[in-house]
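# Analysis of the macromolecular model
Okay, here's what each chain looks like letter by letter:
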Amino acid sequence: MDLLSLFTIFVLAIFVGFELITKVPPLLHTPLMSGSNGISGITIVGSLVATGAGHSTLATVLGLLAVISATINVVGGFMVTDRMLEMFKPKKDKKDAKE
Amino acid sequence: MNMEIITRIVYLVAAVFFILGLKNLSSPKTARRGNLLAMSGMLIAVIMTLFDRNIVSFEYIIIGLIVGGAIGAVAAKKVQMTSMPQMVALFNGFGGIASTLVAFAELYQAHGDVAVHANLTVSLSLLIGTVTFTGSLIAYAKLQGIMRGAPIVLPLHQILNTLLLIASVVLIVLAIMYPGEYLLWAIIIVGVAAIFGITFVIPIGGADMPVVISLLNSYSGIAAAMTGFVLGNSVLIIAGALVGASGLILTNIMCVAMNRSLTNVLFGAVGTDGGATASGEKETRTVTNYTPVDAAIMMEQAQSVIIVPGYGLAVAQAQHVLQEMAQILMDQGVKVRYAIHPVAGRMPGHMNVLMAEANVSYDLLLEMDAINDDFQDTDVALVIGANDVINPAARYKKDSPLYGMPILNVDQARTVMIVKRSLGAGFAGEANELFFDDKTMMIFGDAKKVVTDLVKTLKEE
């Protein structure tokens, strides 16, 4: 793809991001950060190709380190977010009705 | 259909999953599903990539996935909720270094013969990724207590930072003008960026860390997007842009909540290790010291109580016993809610997670704007481990560092109870006149001990 198409995608995605994130309540800002941490680990896609392409030792080593870093980001980010979100529970209505 | 087209369609699907995932984070009811959607998007993208025909060997990929996955999983399982800020800082750093490594590998592999525009994007990717990495490591060290939280200011610090910034721009221009020396430029850019990441974060005080983490979160996304430009890969660009936007919004929210400009946070070197003592004239007024028993009796007679938890509560590990206290009161028919200031805790939304962990249902956790008008109709405001966010000086005292910062209207409640270790000032070093107000009951002591005593008294009745 040419630079301009990529740049178009970039700019539009930023606007989508602003629209989406302004609707996330402060209640969930920490899970938002850890979850977006997981998403920013998307570099894993590039690191896989760099590692597996078998071009040179240096590229493979750099790729391997990138795979490890990005995987920590992805797995850790999504898992810790799930752990946090599991704790967010609504009020139990029955108990509340007590006079 | 050839593989290239299939891959691009699958990446588009992954990007849609990320967008839907973030959309579902708009409500606590759907948030967990949202996270699972984003996770699925990532899984789809990874699986599709493994079919890439450029991949000829899998052993290193498998090693990398297993090692990284194991470290990430253990970290996610073990981390304490109070340590979440440093965890996120560390993850930001890993995201940044991954972008740098991929961009470097791509440049090296292509012998510098990347597309024309890539000279710019490779440089930016190396630069932002590395700044994110070293900056995040420093933020981690400060939050974890490995490094002092207080600002560390070197001689001529501002000038040094400005020079590093100029050097970065010059290097990028050189990399574009003389692409033949691509390896040299790349190595120097990484070196300069590594130093810049460090000098950029060390002058920032511990209390300002929420802003820094949010900003580094944004950088990790932008670094990923730049790597996307290098590889010509749209899913990296979209995901990176989403994260970049998210981090920027959170950075802005934190700055507004502290009434500080980003420039002031980044270059102001404000803050100490915490527990600053109020300067100025010696305090001559006295406060009335109440006991937990007095407070318990008062709260039982109340119809409504608003609890204001601050980070001091979490430090004392008193969240669980506080929840127990609130439950006893609610069972007796008292209306109990929690007021959460945007900067309560050490990162955006941190206090909500700490309270949720203590089994407080999210309906009771109200943000500042939602609850501020209710203080005037409230019998008791119970403040535990918070100070600056309830200091009325922020409203009128023009020379105060707090002036203009939005605060919780605790002073409008009929009775104010403040649990605190001493009369010391908060991070901002501004004395709090609310301590001396007639309707204020000061209860001195460790938060956990005081609340435990409160629970004991409430149970006896």
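It should be emphasised that the depicted structure is a prediction, and the values quoted were computed from it without experimental measurement.

The helix and strand tally for chain A stands at five helices and zero strands. In chain A, the succession of α and β elements from N to C terminus is α-α-α-α-α. A compact globule built from 99 residues should have a C-alpha radius of gyration of about 13 Å, whereas chain A, at 20 Å, is more than 25% larger. Its C-alpha atoms give chain A principal-axis dimensions of roughly 75 × 30 × 15 Å. In chain A, which comprises 99 residues, the share counted as buried stands at 63%. Relative to all contacts within chain A whose residues are 6 or more apart in sequence, the contacts with residues 24 or more apart total 61%.

All names here are of chain B. Domain annotation of chain B identifies domain 1 (3-267) and domain 2 (292-460). Of note, the centres of domain 1 and domain 2, computed from C-alpha atoms alone, are 37 Å apart. At the level of secondary structure, the elements contributing two or more residues to the side of domain 1 that touches domain 2 comprise α4 (84-109), α8 (209-231) and α9 (234-258). If you tally residues by element for the side of domain 1 that touches domain 2, the top one is α9, at five residues.

So, on to the packing of helix α4 (residues 57-87) of chain A against helix α2 (residues 31-50) of chain B. As a packed pair, α4(A) and α2(B) sit with axes 9 Å apart at the nearest point and diverge in direction by 165°. As far as their axial angle goes, α2(B) and α4(A) are roughly antiparallel. Crossing geometry of α4(A) relative to α2(B) is assigned as left-handed. Counting all contacts with α4(A), which are made through Val74(A), Phe78(A), Thr81(A), Asp82(A), Leu85(A) and Glu86(A), the residues of α2(B) involved are Ala31(B), Arg32(B), Asn35(B), Ala38(B), Met39(B) and Met42(B). The residue makeup of the contact of α4(A) with α2(B), split by class, is seven nonpolar, two polar and three charged.

Quick look at the interface of chain B and chain A now. In many analyses, interface size is given as the accessible surface area lost on bringing the parts together. Across the boundary between the two partners, chain B contributes 96 residues, which contact 80 residues of chain A. Mapped by element, the contributors of at least two residues to the side of chain B that touches chain A are α1 (3-24), α2, α3 (59-78), α4, α8, α9, α14 (350-357) and β3 (365-367) of chain B. The dominant element in the side of chain B that touches chain A, judged by the number of residues it contributes, is α4(B), at 17 residues. The residue makeup of the side of chain B that touches chain A, split by class, is 60 nonpolar, 29 polar and seven charged.

As a further point, take the sheet that holds strand β2 (residues 335-340) of chain B. All names here are of chain B. Read across the open sheet, the six strands follow the order β3-β2-β1-β4-β5-β6; overall the sheet is parallel. Pairing within the sheet leaves two strands with one partner each, and these edge strands are β3 and β6 (440-444). Here the strands of the sheet are splayed against their neighbours by 25° on average, with no regard to which way each runs. By the bridge criterion, four bridges tie strand β1 (residues 304-309) to β2 in an arrangement that is parallel. Residue Ile307 lies in a different strand from β2, and its bridge partner there is Tyr338. Contacts from helix α11 (residues 292-301) reach β1, β4 (380-384), β5 (415-420) and β6, with the element oriented near 140° to β6.

This part takes up α4(A). Helix length check: α4(A), at 31 residues, gives a terminal C-alpha distance of 45 Å against a target of 45 Å (1.5 Å per residue), a fit within 8%. Counting buried residues in α4(A) gives 24 out of 31 residues, a clear majority hidden from the surface.

Take the nonpolar core next. In terms of nonpolar packing, the biggest core is built from 197 residues, with Phe18(B), Ala239(B), Val308(B) and Val383(B) touching the most fellow members. Sorting elements by how many residues they give to this core places α9(B) first, with 17 residues. No fewer than three residues from each of domain 1 (3-267) and domain 2 (292-460) of chain B sit in this core. If we skip the residues at most four places from it in the chain, Phe18(B) touches Ile39(A), Ala38(B), Gly41(B), Ile238(B), Ala239(B) and Leu242(B).

The residue Val88(B) is located in helix α4 in this model. On the neighbour-count criterion, Val88(B) (32 C-beta atoms within 10 Å) is buried. Every residue in contact with Val88(B), bar those within four places of it in the chain, is listed here: Met33(A), Ser34(A), Asn37(A), Ile213(B) and Met347(B).

Time to look at α3(B). End to end, α3(B) covers 29 Å across 20 residues, agreeing with the expected 28 Å (1.5 Å per residue, within 8%). On its buried side, α3(B) packs onto α3 (44-52) and α4 of chain A.

This paragraph deals with the packing of helix α2 (residues 29-40) of chain A against α2(B). Between α2(A) and α2(B), whose axes approach to 10 Å, the crossing angle comes to 10°. As the angle between them shows, α2(A) and α2(B) are arranged roughly parallel. Contact residues: α2(A) offers Pro31(A), Gly35(A), Gly38(A) and Ile39(A), while α2(B) offers Ala31(B), Asn35(B), Ala38(B), Met39(B) and Met42(B). Residues of the contact of α2(A) with α2(B), tallied by class, amount to six nonpolar, three polar and no charged.

What follows is about unusual backbone geometry. Residue and element names in this part refer to chain B. Residue Asn259 is not a glycine yet carries a positive backbone phi of 55°. As for its placement among the helices and strands, Asn259 is situated in the loop between α9 and α10 (262-267). Its identity as a non-glycine residue notwithstanding, Asn359 has a phi of 70°, on the positive side. Among the structural elements, Asn359 can be located in the loop between α14 and β3.

Parameters at a glance
- Residues numbered from 1 in each chain as written.
- Chains lettered and ligands numbered in written order.
- Predicted model: local features only at pLDDT ≥ 70, side-chain atom pairs only at ≥ 80, totals over all residues.
- Helix = DSSP H or I, 4+ residues; strand = E, 2+ residues; numbered from the N terminus.
- Rg over C-alpha atoms; globule rule 2.2 N^0.38 Å.
- Buried ≥ 20, exposed ≤ 12 C-beta atoms within 10 Å, placed from the backbone.
- Contact = placed C-beta atoms within 7 Å.
- Domains from an automatic or database assignment.
- Axes fitted to C-alpha atoms, helices over the stretch in contact; angles between N-to-C directions.
- Parallel < 35°, antiparallel > 145°, perpendicular 65-115°, else oblique.
- Left-handed = near helix turned anticlockwise from the far one by under 90°.
- Nonpolar A, V, L, I, M, F, W, Y, C, P; charged D, E, K, R; others polar.
- Pairing = 2+ DSSP bridges.
- Expected span 1.5 Å × (residues − 1).
- Core = buried A, V, L, I, M, F, W, Y, C linked by C-beta atoms within 7 Å.

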